[in-house]
Amino acid sequence: MKSIKTKILLLFVSLLLLLQAISFWSTYDSLRTKERIAIDSQLSKAKALFDSEFNRREFYLTSFAETVTNDYGLKSVFGEDQRSVAIALLNHGKRINADLAMVVTPAGIIELQLVNSYQHNQNKKVVRGAQQGQAFGFMPALKQGQLPPYYVIGEQLYQLHLSPLKSGPAIIGWAGFGYEISTPLAESFLTLTGLQADLILEQQNRWSLLGSSNPLANITSAKALINPTSSDVISLKQQYSAAGGANFYVLLHSSRDNLVAVIQQSWLQILLITILTLIISMVAAYLIADDITRPIKLLVKQAKRLAAGEYQKPVSVNDKTELGQLASEFNSMQEKVLNREQAIKHRLQHDPLTELPNRHWLASKLQDLTEQNSAPFALFHLNICRLKEVNDTLGHSAGDQLIKEAGKRLTALQSEHFLCHIGADEFVLILPNITRDTARDELNNIAMQMHEGCNYQDMHLQLQIRVGVALYPEHSQDPQILVQKADAALNHCRESRSHCYIYDPSTDTNTVERLSLINDLKKAIQSNQLILHYQPKFSFAANKITHVEALVRWQHPELGMIPPDSFIEIAEHTGQINPLTRWVFLEALSQSLAWKVQGIDINIAINISGENLKDESFYSFICQNIESKQLRAESFTLEVTESALVDDPETAIALLARFKERGFKLSIDDYGTGYSSLAQLKRLPVHELKIDKSFVQKLAIDADDAIIVKSTIELAHNMGLSVVAEGIEDLASLRWLEKANCNLAQGYFISRPKPANELYQLLAQESIEFAN
C-alpha cells in the first residue's frame, strides 16, 4: 500500500533529480565550501584583532600602573594628602585616556575611586566612584597578584590593573587604572573587524548590556547571540571572568549574507533552475490535489461543526491512508474537547476547594427559582466565625480544613436544600418551602450540625457560624436583591455579635437613600444646607433658661428637613464628622455674638464626637475661633458621649483636660447608656453628667428609673458634678427632678428644638412658671 506521502515523494524526487542532478550538486558543494572558508577567515581575523586590542589595553594599564606606583612624589603624599593623590592619578590617567583611577589601602578600603561620567551633552566629567570609602572585596586575590582584570562597579565593567605601592619592602597600598567596557569599545571592534559587537555583563543571573555598536541593540537581542539558533547569523563569543564571580561576554556577529555577499550572487544560477522545477512541480501537484482534497473537505466541514459547538456527530472518511488516520485522530480529539469543555463548565460553576456550586451557579439557580414562581424559600447566608484568626495563627491550610468541614456538614443536612460556597468563609443555603415560621427550626438544625468542633493536627477547633436570612417572596422577588438582603442580615449579625438574624428593613443601613445621603453630605456642609436649632435647658436654681443645646438639622434640597439621627452616623463613618462639628461650632459662635447684642448671655452646649477627639488640630481650631470672636470659653459646654471615649480613652481624657483648663464646660452626654465605669468617670475632667432620656421619660411611673436617676444625681453631686436631665415630657417629671436637686432640665415639655429667632422671648424671660 502506497501512502499519500509515498506518492508525493516519488513524484517530486523524480522531477527534482531529473532537472537538478546535473548542475545542482557541484554548484551547491563548491559554494558551501567557499562560504565556510570566507566565514572562518573573517572570524579568525576578528578574534585576533580583539585579542590584540584587549592585550594592548592591558599593557597600557599595567605599564602606567607600575609607573605611577614607583612615583616618589605619589608615595610621599600617599595616605596623607588624598587631594594630591587624586590629582596625580587623574593626570596619569589622562595620558592613557583611562576611565577609572583607584587606590586601595592595606586595610582593604577603597580610599580613592575616580570615574569618568558622561553628561547629557556627551562631555566627560570626573566624579567620585560609588565604592569610594567602602571595603575592597577581593583583597586575598589582590595580595596574591591574582585579581581578575575585569572589575564591576554597579552596572559598569572596567578592565582594571592595580599595582602595589611599596615603601621599602612594605606594601603601603595599591593604585591603578581601568578602561570602561562600553559602547566606544564595541564601535572600535566594528571599525577593526567589520563585525557588529555586543558587550554583555552577567552578575548573579542579572544580565545587562554594557555597550553595542548597534544603536538598536538591547539585552534581549544580545543574549540571543550567546547561543544563536538561526543559521542566518554568524557570531563569535568570547567569555571572560570578572571579579566577584561575574561573567563578561564579547559577541562579534554579522548576518551570513553580509559575510558571503559575493558568494550569494552565485546562487542565482540555482534559483533559475529551482523556478523551472517549481513550475513543473505545481503542474504535478495540481493533478494530485483532487485526490487529496476530498477527505480534507470532510475534515474542514467537521471542524466547522466543532467550532459551532456540535460535538456529537463524528467524521467518517473511507480512506486507509494517513488521511484516514487523521480522521480517526480528529474524532478522538473531538471527544477530548467535549470532556475538557464539560470540565471547564464544571469548574466555572464550582468552587475548587470544596467542589460545591459557586456564586455563578447560585445566580443561575435563583433566577430559575424566581422565574418559575415557585413556592416560598429561604436564602441563608452563612459565614464561619473567626476564620481569619485561624488563618493568622495556624496558616491557611487550617482555615481551608475548617471551610471544607463546614461544607461537608452543611451538605449532610437532612432537609431539602441547595448549598453553594461563594468564596472564602461564606456559604449560601437555599431551603425550599421555608417561611418565617419554619426558618427558626432550620437555624436550630444548622446549629446542631455545627455543634461539634473540628480536629486539625491534634488541635480541637470550634466551628461556629453566623447566619443572615432572607425570605422569598417576603423580602424580595428579585434574585440579586434577595442576596443583598441576606448579606445585610449577615452584616447585622456581625455588628450585633449574634449568630443568626432574619432580615429586617429597619436595620438595613445599605439603602439607596443612605448612599445618596453619603454622597450629598459633603456638598451640604460646603453649600450651607445645614441649620442649627437650639433646645433650651431650664435651671431650677435660677428658675429660667440659662443654657441651650445646639442641634444640627439638614435642609436637603430634595428630601426636605433631615434629622441628625439620619446623617450623624454617616458623617462619623465617612470622615465628614470633623468638618461637620467645626461648622456647628462656628455657627454657634456667631449665634452667641448675636444673642449678646440682644442682651442675652447664655451658655451653648455643642456635641463633639470621638473622632473630633482624635483630631490633633481640633483643640487649636476651637481656641483660635473663641479668641478671634472675643468670646469666653465659659460660655460654651462641650458634650461628649461615653461611647466616644471607648476607642482611645487616654488620648480623649488628655484632650478634655486641656479644654477644661482653657475654661470650657465639659459634659458627659447620654450617661448610663455607654460603657464607662465609675473608675473611668472618676478620671474624666468633666463638670456635669447628662442623664439619658431613657431613664427620665418614665420617672413618674417606673420606680426603677426613679431609683437610678436619684442615685445618679447624688453620685454626681458627691463628685462635685452638676446634673442635666433630658427627655422631660411632663410636669410630674419636672417636679420630681426639682425635688431630687437636679440642676438643669431639658425636654419637649420645656421646649422643642427651635431656630434661634423663635427662642428670643423664652430666653429673655427673667422667670418661668410652669402651670399645673
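Residues numbered from 1 in each chain as written. Predicted model: local features only at pLDDT ≥ 70, side-chain atom pairs only at ≥ 80, totals over all residues. Heavy atoms only, no water.

J.: Can you lay out the overall build of the protein chain for me, pointing to particular residues and giving the numbers?
T.: For the protein chain, the helix and strand inventory stands at 27 helices and 26 strands. Within the protein chain, the proportion of its 772 residues that are buried is 44%. When the accessible surface of the protein chain is totalled, it reaches about 41,600 Å², and 52% of it is carbon and sulfur. (Helix = DSSP H or I, 4+ residues; strand = E, 2+ residues; numbered from the N terminus. Buried < 20%, exposed > 50% of the residue type's maximum accessible area, 1.4 Å probe, protein only. Areas by Shrake-Rupley, 256 points an atom, 1.4 Å probe, with all protein chains shown as cover.)

J.: So what's going on with the packing of aromatic side chains? Residues and values would help.
T.: We describe a pair of aromatic rings using the distance from one ring centre to the other and the angle between the two ring planes. This structure, assessed with the given rule, holds 21 aromatic pairs. Ring geometry for W361 against F418: centres 6.4 Å apart, planes inclined by 45°, an arrangement best described as tilted. Of the two residues, W361 is situated in helix α12 (residues 359–371) and F418 in strand β12 (residues 418–423); the sequence distance between them amounts to 57 residues. By relative accessible area, F418 is classed as partly exposed at 21%. Taken together through their ring pairs, the aromatic side chains of F54, Y150, Y240 and F248 make up a single cluster. One Lys or Arg, R582, reaches over the ring of F621 and ends 4.6 Å from the middle of that ring. Above the face of the Y619 ring, R658 is positioned so that its terminal group lies 4.0 Å from the ring centre. (Phe/Tyr/Trp six-rings, centres within 6.5 Å; stacked < 30°, edge-to-face > 60°. Lys NZ or Arg CZ within 6 Å of the ring centre and 35° of its normal.)

J.: Tell me what's going on with the environment of P557, and back it up with residues and numbers.
T.: Residue position: P557 is located in the loop between β19 (544–556) and β20 (560–562). Given a relative accessible area of 64%, P557 falls into the exposed group. For P557 and Q529, which are 28 residues apart along the polypeptide, the C-alpha to C-alpha distance reads 7.8 Å.

J.: I'd like a description of the sheet that holds strand β9 (residues 233–241), backed by residues and values.
T.: Sheet strands pair via backbone hydrogen bonds, and the direction of the pair is either parallel or antiparallel. The strand order across the open sheet built from four strands is β8-β7-β10-β9, with neighbouring strands paired in antiparallel fashion. Edge positions in the sheet fall to β8 (206–212) and β9, since each has one partner strand and no second. Ignoring which end each strand starts from, the neighbouring axes of this sheet average 25° apart. Against the sheet, helix α6 (residues 183–193) makes contact with β7 (196–203), β8 and β10 (247–255), and its axis sits at roughly 145° relative to β7, the strand it touches most. (Pairing = 2+ DSSP bridges. Axes fitted to C-alpha atoms, helices over the stretch in contact; angles between N-to-C directions. Contact = heavy atoms within 4.5 Å.)

J.: Describe the packing of helix α19 (residues 577–597) against helix α21 (residues 618–629), naming the residues involved and giving the relevant values.
T.: At their nearest, the axes of α19 and α21 sit 11 Å apart, and the two run at 20° to each other. Taken as axis vectors, α19 and α21 run roughly parallel relative to one another. Relative to α21, the crossing made by α19 is right-handed. Where α19 approaches α21, its residues T581, R582, F585, L586, L589, S590 and L593 are matched on the opposing element by F618, F621, I622, N625, I626 and K629. Across the contact of α19 with α21, the residue classes tally to eight nonpolar, three polar and two charged. (Parallel < 35°, antiparallel > 145°, perpendicular 65-115°, else oblique. Left-handed = near helix turned anticlockwise from the far one by under 90°. Nonpolar A, V, L, I, M, F, W, Y, C, P; charged D, E, K, R; others polar.)

J.: Report on the nonpolar core, specifying residues and quantitative values.
T.: Membership of the largest hydrophobic core comes to 79 residues, with the highest contact counts inside it found for Y534, W595, I604, F659, F664 and L737. With eight residues, α19 is the single largest residue contributor to this core. Other than its neighbours up to four places away in sequence, F659 contacts F618, Y619, I622, L638, F664 and L666. Counting residues in each nonpolar core, the second largest holds 31 residues, with A378, V390, F427 and L443 among its members. (Core = buried A, V, L, I, M, F, W, Y, C linked by side-chain atoms within 4.5 Å.)

J.: Pulling in residues and values, what's your account of the sheet that holds strand β5 (residues 156–167)?
T.: Reading across the sheet, the six strands line up as β3-β2-β1-β6-β5-β4 and stay open at both edges, with antiparallel pairing between neighbours. Edge positions in the sheet fall to β3 (124–128) and β4 (150–153), since each of these pairs with one other strand and no more. Strand-to-strand twist in this sheet, taken as the mean axis angle between neighbours without regard to direction, amounts to 30°. With five bridges joining them, strand β1 (residues 100–104) and strand β2 (residues 110–118) adopt antiparallel strand pairing. Residue pairing across strands places A101 opposite L114, the latter belonging to β2. Where helix α4 (residues 82–95) meets the sheet, its contacts fall on β1, β2, β3 and β6 (170–180), and the angle it forms with β2 comes to roughly 45°.

J.: Any details on α6? Residues and values, ideally.
T.: Restricting attention to buried positions, one finds in α6 the residues L185, A186, F189 and T193. Within α6, the buried residues cover an arc of 100° as seen down the axis, which keeps them to one side. In this structure, α6 carries P184 and T191 as exposed residues pointing more than 90 degrees from its buried face. Count one or two residues on from α6 and you reach G194, which has phi positive near 80°. (Arc of directions from axis to C-beta.)

J.: Now, about the pairing of β9: what can you tell me, with residues and values included?
T.: It is a general feature of regular strands that their side chains alternate between the two faces of the sheet. Taking every second residue as pointing to the same face, the buried face of β9 carries I234, L236, Q238 and Y240, while none of V233, S235, K237, Q239 and S241 on the other face is buried. Sheet topology places β9 next to β10; nine bridges connect them, and they run antiparallel. Each bridged residue has a counterpart across the sheet, and for Y240 the counterpart in β10 is F248. Between the end of β9 and the start of β10, which pair antiparallel, lie five residues, with G244 showing a positive phi angle near 90°.

J.: Explain the environment of F695 to me, using residue names and the numbers behind them.
T.: Residue placement: F695 occurs in helix α24 (residues 693–696). Judged by relative accessible area, F695 falls into the buried class, the value being 16%. Between the C-alpha atoms of F695 and D705, which are 10 residues apart in sequence, the distance is 5.2 Å.

J.: Break down the environment of I465 for me, with residues and values.
T.: On the secondary structure map, I465 appears in strand β16 (residues 465–472). Residue I465 is classed as buried on the basis of its relative accessible area, which comes to 12%. Spatially, the C-alpha atom of I465 lies 9.1 Å from that of I446, the residues being 19 residues apart in sequence.

J.: An account of the pattern of salt bridges is needed here, citing residue identities and associated values.
T.: Within the structure shown, the criterion is met by 20 salt bridges. For the salt bridge of R436 with E474, the shortest nitrogen-to-oxygen distance reads 2.6 Å. In this pair, R436 sits in helix α15 (residues 436–449) while E474 sits in the loop between β16 and α16 (479–496), placing the two residues 38 residues apart along the sequence. Judged by relative accessible area, which is 36%, R436 ranks as partly exposed. E627 is paired through a salt bridge with R662; the nearest N and O atoms lie 3.1 Å apart. With E627 in helix α21 and R662 in helix α22 (residues 649–662), this pair connects stretches of sequence that are 35 residues apart. For R662, a relative accessible area of 27% puts it in the partly exposed group. (Salt bridge = Lys/Arg side-chain N within 4 Å of Asp/Glu carboxyl O.)

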